[in-house]
Amino acid sequence: MSDTTARVRELNLYRQYFDLVAAGTKTIEVRVKYPHLADLAAGDTIRFRIKGTDETCEVRVKRVTEYSDFEALLDGEGPANVNPTTTRDQQLTNIRAIYPPEKESLGALAIEIQLSRL
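What counts as what
Residues numbered from 1 in each chain as written. Predicted model: local features only at pLDDT ≥ 70, side-chain atom pairs only at ≥ 80, totals over all residues. Heavy atoms only, no water. Helix = DSSP H or I, 4+ residues; strand = E, 2+ residues; numbered from the N terminus. Buried < 20%, exposed > 50% of the residue type's maximum accessible area, 1.4 Å probe, protein only. Polar contact = N/O pair within 3.5 Å; in protein donor to acceptor, adjacent residues only side chain to side chain. Contact = heavy atoms within 4.5 Å. Pairing = 2+ DSSP bridges. Axes fitted to C-alpha atoms, helices over the stretch in contact; angles between N-to-C directions. Phe/Tyr/Trp six-rings, centres within 6.5 Å; stacked < 30°, edge-to-face > 60°.

As a further point, take the side chain of Q91. Of note, Q91 is situated in helix α4 (residues 88–98). With relative accessibility at 2%, the residue Q91 sits in the buried group. Of note is the side chain of Q91, whose polar atom sits 3.0 Å from the backbone oxygen of P79. There is a polar contact of 3.1 Å between the side chain of Q91 and the backbone oxygen of N83. Leave out the neighbours within four places in its chain, and Q91 touches L74, P79, V82, N83 and T86.

Take a look at the structure:
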């Protein structure tokens, strides 16, 4: 097996974000740079699941970019790509409600995604 083999990752998403991904309008997924995501790369597949349900949505990773924090990520990627339904400031509040400061200090990942058509 080669290190260049594309992988499938399973990640949970809240309903409001899942619906945006499934509609193809959310093109940047925000995550903390946890060790298990450090090797995420273009070409990988992410299977998003709404926690506690069987609902899934698959996307292809187009690019992964690391930022020092969520503010830099939103400024670099554009808030409309992260969540086209809310303002930058509201997004920052929402993201920080999910990830407290000690998590944000690990670094922020902008994962550019494209909906997989089956």
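That was the structure; now back to the text.
Turning to the sheet that holds strand β3 (residues 45–50), a few remarks are in order. Backbone-to-backbone hydrogen bonds pair the strands of a sheet. The strands run either parallel or antiparallel. Taken in spatial order, the 5 strands make up an open sheet running β1-β3-β4-β5-β2, and their pairing is mixed. The strands lining the two open edges of the sheet, one partner per strand, are β1 (8–13) and β2 (28–32). Averaged over neighbouring strand pairs, the angle between their axes works out to 40° when direction is ignored. With 6 bridges joining them, β1 and β3 adopt parallel strand pairing. Bridging from a neighbouring strand, L11 pairs with F48 of β3. Sitting on the sheet, helix α1 (residues 15–23) is in contact with β1, β3, β4 (56–67) and β5 (108–115), with an inclination near 95° to β4.

Bringing the packing of aromatic side chains into the picture now. Aromatic rings considered in pairs are described by the distance between their centres and by the relative angle of their planes. Scanning the model with the defined rule gives 2 aromatic pairs in all. The structure contains a cluster of three or more aromatic residues connected by ring pairs, namely Y34, F70 and Y99.

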